[in-house]
Each structure stands twice: as structure tokens, then as C-alpha cells.
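# Geometric and topological summary
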Amino acid sequence: MFRGFSAIVYKETIHILRDPKTLLLMLVIPGIQLTIFGYAIRLDVENIPTVYYNLDGREASRVLLDRFTNTGYFKFVGQSYSDDELNGAIIDGRAKVGIKIPPDFSDDIALGKPSQVQVLIDGSDSTVAMQALNVANAIAMQSSFQIIQERLPGQRQPIEMRPRVLFNPDMKTANFMVPGLIGIVLQVVTMFLTAFAVVREKETGTLEQLMVTPVSRLGLMVGKLSPYACIGAFEVFVVVLLMRFLFQVRIEGSVMLLAAFSILFLFTSLGLGLMVSTIASNQVQAIQIAFLVMLPSVLLSGFMFPQESMPYPIYVFGQVFPVTYFIRILRGIILRGAGFSELWPQGLGLIVIGTILLGVSATRFRKTLG
Amino acid sequence: MVPELAIKTHGLTRKFGAFTAVDSVNIQVEQGSIFGLLGPNGAGKTTLIRMLCGLLRPTNGTAEVMGFDLLRQTDEIKRHIGYMSQQFSLYGDLTVLENLTFYTRVYALPRQRARERIEEVINITGIGDFRNRLARQLSGGWRQRLALSCALVHEPRLLFLDEPTAGIDPVARRALWNLLFELSNAGHTFFVTTHYMDEAERCSHVGYIYYSKLIASGTPGELKELPEVTPVGLERLRVISDRQPQAMALLNTFGYVRDATIFGDSLHVLTEEESGTRLRDAMQAAGFQDVHVDSIPASLEDVFVTLTRTMDEARRV
């Protein structure tokens, strides 16, 4: 079934070693990408640029404004002296939040009358807007409650929430992003590598030459994939080290299990590259098709956006990509310390997708030459 | 056991959609022969070779290659044939030795035997001096020798060569053909496509494929004797004079001349029998100097030109 496997591995290894520039790129690119994206992609919202328009100016208003800065979410970048100026600061992008305190704020508080503080939020960046809105509301609640407590001594907060965030207590973006990023980076590199390796042979006609020999299709395909799987395995090693020591993300679960699932994922992802190569007839087409696969796998795999909130058909489509399963495995093992008993369905998913990819590629292989 | 015929096809046909690339071809190739397949570009030569190698499935018809059934024993066939495709299809970034080693592994030769065989093949093709040269650094002629070496590694008795001499210089071309003769004497069978008439003349058997059909097949001698080529009552003359183009124009006006074509420094004329003297007198009367006329047999080029013309006329009707 695997006739010719060792011959293909032999020559593929020479190809790789004879091109040290490409080899070096293959080995360092994932590490570089992980480092850049790992630092660049942050969902934490801090230091939102804020302007205020304080018509009151007395102590109570200043205490309220201090509360905003003390949360760490807001950072005052200036003061306005009119409504137009306040609006203008948000429109020209200098600030994302504007706070307007009415002239009789201190009087109303002292008299026990409700007072309205206006908070303008730039909604064009929804993540920032959401965060600003939540924090502003919380500040209002807290301040109000404190005032009530001062008026009615002995009164205690009736319900107190005590949330505890499991697995990523500091809510660090790195913990969420970096494991997923490992999956994405590996899928991209391995897919491109195999797609190119096969399409190049198509272009030079060497593939046809091989078809006249007793090399079996499976021997040819697996033989071509194996050396790249080794490179991929090395890449996994590098990026996991970077994650652990550069981004300080600890691996809670079993490293061996992670290694085993990684190898499974690599073959599936290489199979994806093989699939691309059966569709493309030259390297330019291969790039285009690979990009076509890459974008949805970044957006729909749950890497950045939760799959649960996607429309059902899109959710199902997202299950086609091997990286979807691998990201769940990565987050499971690295962050939650999940074991085989929790993650085997994801492994099964990889096996099913991988078998389909290899099977379809094998049949298409025959067709492209027939 | 070696079958008597290396290749035997019966009604072999391949269609691509509505287009028939190879149309019910019957071919017989004897063991140890060099079979040259000729025909214009697009006539179906490569398609026929690709079918015989098991790269393409025939739409219709059957064939036996080295005694194996083309439809059911493709794997057996692949083990017993060698194939050199039109374009250079070895790995340019591998050395000569690595390319050869790769093929010994593809055919699963045991290590010891592989080493011996590589030396044997290197001796046959004489590529030893370039052992450690990258394949892409070889010149055209040596690339073809390397390709042939790789195709020989598993000791196939039958080799398919698709335009092996296209684009290489005349000296390398001659050297490659001498190599083919040596191998043929040692019992190898060759199935070669070519555009060169001088190569066709060297083949032991020749087939001519035109518009997807095999319209002639046999030894070069047999083809030249074909009645269609030199019909009864006609003969071929070679006419030499001081001005070829003018002579051709004049000869074509004579009623007894069927065809006059320039071949280098002479004219080949198909004319009624016993008209040689008449022709020479007429030319001298028209003022041509140094006129020589002698009788010649048909060349292979004459054969193919005549057969093509006959086919075209038949198609037009």
C-alpha cells in the first residue's frame, strides 16, 4: 500500500536540505509570527482616552472623575469647555469617551436629588465601547451605593457577586490568544509547504514520471508529507517553548498528550495542503487557494470569535477546518489541564477530517493525471 | 518467459470528450526492435505512449504490454517498462548519483544490488564523470543520458522514449542513438517517437500516425515498397541541374510528371516510367545546364508526404 514510501522520503529530504534558505525560513517563521502576533493581538482594553467637561468643578465631581481614572480603564487626555468641544474630541478621534458633569451635580448630591452624568462613547470600536459602557455603569452603581450607605448607616449591600474566573484568573489575552495562535500558524505553514512541494512536481513533470513507476499513490503522498511533518513537529516544539517562556503561559495538562495530538493535527493539516495541490495546477493557483482556506480558518475556527455565537450553518462550516479541533485541544490541555477523556472527541474529529482529506486527495490524484 | 511481441494493441482508442486523440490503433512491436512512431504534432503520439505506459486509461480497445493486460495488470507493466517523457523530468536539485539512487529505491532494489546496478548503468551511458553534478547543471545531451540511465535502473526490457532527441545538438543526438542501438542489440525493445526522418530511417520498424489513426506500419523498406507510395507505372527520379526552383516550376508543367519537390540540392520527381530521357532532353532544350537524372527508391519522407497527401484527399471527399 505504501510502495515507494522510503524512496520518496529519501529524495524529499535531499530537496529540503539542499535549499537551506527555505529550510531556515520554515523553521523560524512560525516563531517570528507567534512573537509578533502574540504581542500585537490584545483584547484587553485599558487606558481608554477620555475627555471630561466639568460644569460643576466642586469636590464631589472631582471624586467621581477620580473614580474613573482609578479603574485603570480610562485615561484623561484633556478637558473640554463646551458641548461642541466635547463632541469634537470624540469625532476627531482624540478621545473615545467623553464625560459631562452637570453644573448642579454637587448640590443635587447634597440635597439627595438624583443627578445625571452624561457619558458619550465612541461606538465605532465595539470592544472598547462595550468595556467603557460596563465600567461606567459599574462606577455609577458603586458611587450611588456608597452615597446611600452614608445616608443610611448600617445598611449592607443586599446581593454581592463574588465571581471567580477559572483557568485564566488574570484574564490575560496572551493565555487566550497564544495557544490558538499556535494552531493557526502551524496550519498555515504546513499547508503552504505541502501544497508547494506537490504542485512544483506537477509543474516540472516529475510527477508524471513517478506515475509510470510502481510507487503507489499512498506511498507517494505519505512519503511527501512525512519530512514536512518532521519540520512541523520541530515548529510545534519552538512555538510551545516561546509560549511557555516568552509569554509565560503555563501548560496545565500533559505535555505528552499535547505532543500526540500535535502530530495528529500536523498530518491532517498537511493533508489539507495535499488537497490544495490536487486542485491547483501551478504555484500561483496554489497560493490563491491556500489563502482561500486560511481566512475562514482564522475567522471561523474559534481562534478569535466564539463559535457559539455564530449562525448555525457558519458554525457547521467552521467544523471543516482541522485547526478548529486543534485550537480546542490546545486551550483544553494548556489552560484547563484537560486530559484524553475530555478531548478524545476533538481527536476523533481530526482523524475523520484527515481521513477524508487524504482519501479525496488520493482519488483526485489519479484524476489529475487521467 | 518473454512473450514474442513486446506490444500488441487491438483497436486502442482514447477520447477526450468529443475529440478522439487515438483512434482504433493496432500496433505490433517485436521484441528487440526499435519501433519509431512518427506523425505531426497533435496527431496522438504522446497520448498513445501514455496509454501504453498505464498513465491514461484507454476509452476502448485492448493491449498487451510485455505479455501483461493493459487494463488489469497496470502494476506489472510498470515494473517491466521504462519511460522517458518529452520534458526533462528528473530532479534538478539532486545529483546524478542521487537521482539514480532514488530510482533504485522506487523499484525497491536491494541495497547491494542497487549499488551494482547503478555502476552498470553508469557504464552503459557513460555518465560516470558527472556522478556528483546536480542534474540541472548538465547539458541537454547529458540530461537525456541521465534520464535514460534512470529509466534503465530496474532493467526493463521495454523502454518508451517520447521525443528523446528534441532540442539536443546533432552530436549528442547521434551518441544517444548509438546507445539505443547497443541496448537494442543487448535485447532491449524501444518505442520511440520522433520528428527526424534520419532517426526514422534508423528504426527497425516505423509507424506513421496522422489525425489519430495509424496509417502505415512496417519496416522502413516495407513502407517504401507500399503501392500507394509508388503506384504501378510510375517511378521516382532524382534530377540535378543548375537552377532547382526554376526546374521544379518547369517539371510541374509536364503532363507525365505527377509531383516534383526540392530535396536539398536536388529534385525528387514522381513520373511515368521510362520518361527519364525525355525529361532530360526537355530540360536541356529549356536551357538548363549540368542536368543529371537517375532513378532512386522512395525515401521515408517521400512515403510520409505521399501518405499524408492521400489521407488529406480522402478526408476532403
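Just so it is clear, the structure is predicted and the values come from calculations on it, not from any experiment. In this numbering scheme, every chain counts its residues from 1 along its sequence in written order. To read the labels, note that chains go from A and ligands from 1, taken in the order they are written. Predicted model: local features are reported for residues with pLDDT of at least 70 only, side-chain atom pairs are reported and counted for 80 or more only, and whole-chain, interface and lining totals are derived from all residues.

## So, the overall build of chain B
Strands here are runs of E lasting at least two residues and helices are runs of H or I lasting at least four, both read from the DSSP assignment and numbered beginning at the N terminus. For chain B, the count of helices and strands is 11 helices and 15 strands. The buried share of chain B, taken over its 317 residues, is 41%. Of the contacts formed within chain B by residues at least 6 apart in sequence, a portion of 69% connects residues at least 24 apart. Backbone-placed C-beta atoms define the burial measure: a residue is buried with 20 or more other C-beta atoms within 10 Å of its own, exposed with 12 or fewer, and partly exposed in between. By the criterion used throughout, residues are in contact when their C-beta atoms, derived from the backbone, lie within 7 Å.

## Things to note about the overall build of chain A
Broken down by element type, chain A carries 14 helices and four strands. Between the two quantities, the radius of gyration covers C-alpha atoms and the globule rule is 2.2 Å times the number of residues to the power 0.38. Relative to the 2.2 N^0.38 estimate, which gives 21 Å for 370 residues, the radius of gyration of chain A is 28 Å and therefore markedly larger than a compact globule would have. Summarising its shape, the C-alpha atoms of chain A cover approximately 95 × 45 × 40 Å along the three principal directions. Buried positions account for 37% of the 370 residues belonging to chain A.

## Some details on the interface of chain B and chain A
Reports often express the size of an interface as the amount of accessible area lost when the parts come together. Listed as interface residues are 20 residues of chain B and, on the opposing side, 20 residues of chain A. Contributions of two or more residues to the side of chain B that touches chain A are made by α2 (74-80) and α3 (96-106) of chain B. Broken down by element, the side of chain B that touches chain A gets its largest block of residues, four residues, from α3 of chain B. Partitioned by chemical class, the residues of the side of chain B that touches chain A number 10 nonpolar, three polar and seven charged. The nonpolar class holds Ala, Val, Leu, Ile, Met, Phe, Trp, Tyr, Cys and Pro. Asp, Glu, Lys and Arg form the charged class, and all remaining residues, Gly among them, are polar.

## A short note on the sheet that holds strand β13 (residues 257-263) of chain B
Residue and element names in this part refer to chain B. If you trace the four strands from one edge of the open sheet to the other, you get β13-β14-β12-β15, paired in antiparallel fashion. Looking at the sheet topology across the chains shown, the edges are occupied by β13 and β15 (292-295). If you compare each strand with its neighbour and ignore which way they point, the axes differ by 25° on average. With six bridges connecting them, β13 and strand β14 (residues 266-272) associate as antiparallel partners. By definition, two strands form a pair when at least two bridges between them are found by DSSP. With axes taken as lines fitted to C-alpha atoms, and helix axes fitted only over the stretch in contact, angles between N-to-C directions fall between 0 and 180 degrees.

## Describing the sheet that holds strand β10 (residues 205-210) of chain B
Residue and element names in this part refer to chain B. Read across the sheet, six strands follow the order β7-β8-β9-β4-β10-β11 without closing on themselves; strand pairing throughout is mixed. The open sheet has two edge strands with one neighbour each: β7 (81-84) and β11 (213-218). Across the sheet, the mean angle separating the axes of adjacent strands is 15° when strand polarity is ignored. Where helix α5 (residues 140-152) meets the sheet, its contacts fall on β7 and β8 (158-162), and the angle it forms with β7 comes to roughly 160°. Its contacts with the sheet place helix α11 (residues 300-316) against β4 (34-38), β10 and β11, and it is angled at close to 30° to β10.

## Notes on the nonpolar core
Inside soluble globular proteins, nonpolar side chains tend to come together where they are buried. Ranked by size, the top nonpolar core spans 140 residues in total, and within it Ile182 of chain A together with Val65 and Phe191 of chain B carry the most contacts. Considering every element that reaches this core, the biggest residue donor is helix α7 (residues 173-204) of chain A, with 17 residues. Ignoring any residue separated from it by four or fewer positions in sequence, one finds Phe191 of chain B in contact with Ile7, Val29, Phe35, Leu37, Ile49, Leu158 and Phe160 of chain B. A set of buried residues drawn from Ala, Val, Leu, Ile, Met, Phe, Trp, Tyr and Cys, joined through C-beta atoms within 7 Å, is what defines a nonpolar core. By size, the runner-up hydrophobic cluster in this structure holds 20 residues, among which are Ile48, Phe68, Ile90 and Ala95 of chain A.

## Observations concerning the domain arrangement of chain A
Each domain's extent was defined by an automatic or database domain assignment. By domain assignment, chain A separates into domain 1 (48-166) and domain 2 (172-369). The C-alpha centroid of domain 2 of chain A is placed 47 Å from the C-alpha centroid of domain 1 of chain A.

## Comments concerning the pairing of strand β1 (residues 48-54) of chain A
Residue and element names in this part refer to chain A. Burial within β1 is extensive, with five of its seven residues counted as buried. With five bridges joining them, β1 and strand β2 (residues 74-79) adopt parallel strand pairing. Residue pairing across strands places Thr50 opposite Phe76, the latter belonging to β2. With the strands aimed away from the viewer, a crossover counts as right-handed if its path from the first strand over the helix to the second runs clockwise. Taking the sense of rotation as the criterion, the β-α-β connection linking β1, helix α3 (residues 59-70) and β2 turns out right-handed. With five bridges joining them, β1 and strand β3 (residues 97-101) adopt parallel strand pairing. Bridge pairing links Tyr53 to Lys100 in β3.

## A word on the confidence of the model for chain A
Confidence of the predictor at the level of single residues is given by pLDDT, which spans 0 to 100. For chain A, per-residue confidence averages 87 on the pLDDT scale, and residues scoring 70 or more make up 97% of the total. No element of chain A has a lower mean pLDDT than helix α2 (residues 20-40) of chain A, at 84, and none a higher one than β3 of chain A, at 93.

## Regarding helix α11 (residues 283-300) of chain A
All names here are of chain A. Between the first and last residue of a helix there are one fewer steps than residues, each counted as 1.5 Å, and that sum is the expected span. Across its 18 residues, α11 extends 26 Å between first and last C-alpha, which sits within 8% of the 26 Å expected from 1.5 Å per residue. Those residues of α11 lying buried are Ala286, Ala290, Val293, Ser297 and Leu300. Buried residues along α11 cover an arc of 115° about the axis, so they all sit on one side. What points out from α11, more than 90 degrees from its buried face, is the exposed set Val284, Gln288, Phe291, Leu292 and Leu295. Where α11 is buried, its residues contact α7, α10 (255-279), α12 (312-318) and α13 (322-336). Phi turns positive, to about 90°, at Gly302, one or two residues after α11. In this description, the arc belongs to the directions extending from the helix axis to the C-beta atoms.

## Focus: the environment of Ile8 of chain A
Residues and elements named next belong to chain A. Relative to the elements of secondary structure, Ile8 occurs in helix α1 (residues 5-17). For the pair Ile8 and Pro227, spaced 219 residues apart in sequence, the C-alpha separation works out to 9.6 Å. With residues near it in sequence (within four places) discarded, Ile8 still touches Val215, Gly219, Leu220, Gly223 and Lys224.

## Considering the packing of α3 of chain B against α5 of chain B
Residues and elements named next belong to chain B. Look at α3 against α5: their axes get within 9 Å of each other, and the N-to-C directions meet at 25°. In terms of orientation, α3 and α5 fall into the roughly parallel class. Two packed elements cross with a definite hand, and for α3 against α5 that hand is right-handed. The segment α3 lies against α5, with Val96, Asn99, Leu100 and Tyr103 engaging Leu146, Ser149 and Cys150. Among the residues making up the contact of α3 with α5, the classes are represented as five nonpolar, two polar and no charged. Roughly parallel covers angles under 35 degrees, roughly antiparallel covers those over 145, roughly perpendicular covers 65 to 115, and oblique covers all other angles. Crossing handedness: left-handed means the near helix sits turned counterclockwise from the far one by under a right angle, and right-handed means the same turn made clockwise.

## Regarding the environment of Arg133 of chain B
Residues and elements named next belong to chain B. Among the secondary structure elements, Arg133 is positioned in the loop between α4 (111-125) and α5. C-alpha of Arg133 to C-alpha of Leu97: the two residues are 36 residues apart in sequence and 8.2 Å apart in space. If we ignore the near neighbours within four places in the chain, the residues touching Arg133 are Thr95, Val96 and Leu138.

## Side note on the packing of α7 of chain A against helix α9 (residues 217-245) of chain A
Residue and element names in this part refer to chain A. Packing of α7 against α9 brings their axes to within 10 Å, and their N-to-C directions diverge by 155°. Taken together, the axes of α7 and α9 are roughly antiparallel relative to one another. Seen along the crossing, α7 lies across α9 with a hand that is right-handed. Across from Val178, Pro179, Ile182, Val185, Leu186, Val189, Thr190, Leu193, Thr194, Ala197 and Val198 in α7, the residues of α9 making contact are Lys224, Leu225, Tyr228, Gly232, Glu235, Val236, Val239, Val240 and Met243. Residue composition of the contact of α7 with α9, by class: 15 nonpolar, three polar and two charged.

## Brief notes about the confidence of the model for chain B
On average, residues of chain B carry a pLDDT of 89, and 99% of them reach 70 or more. For this predicted complex, the interface confidence score (ipTM) comes to 0.79, while the overall pTM stands at 0.78.

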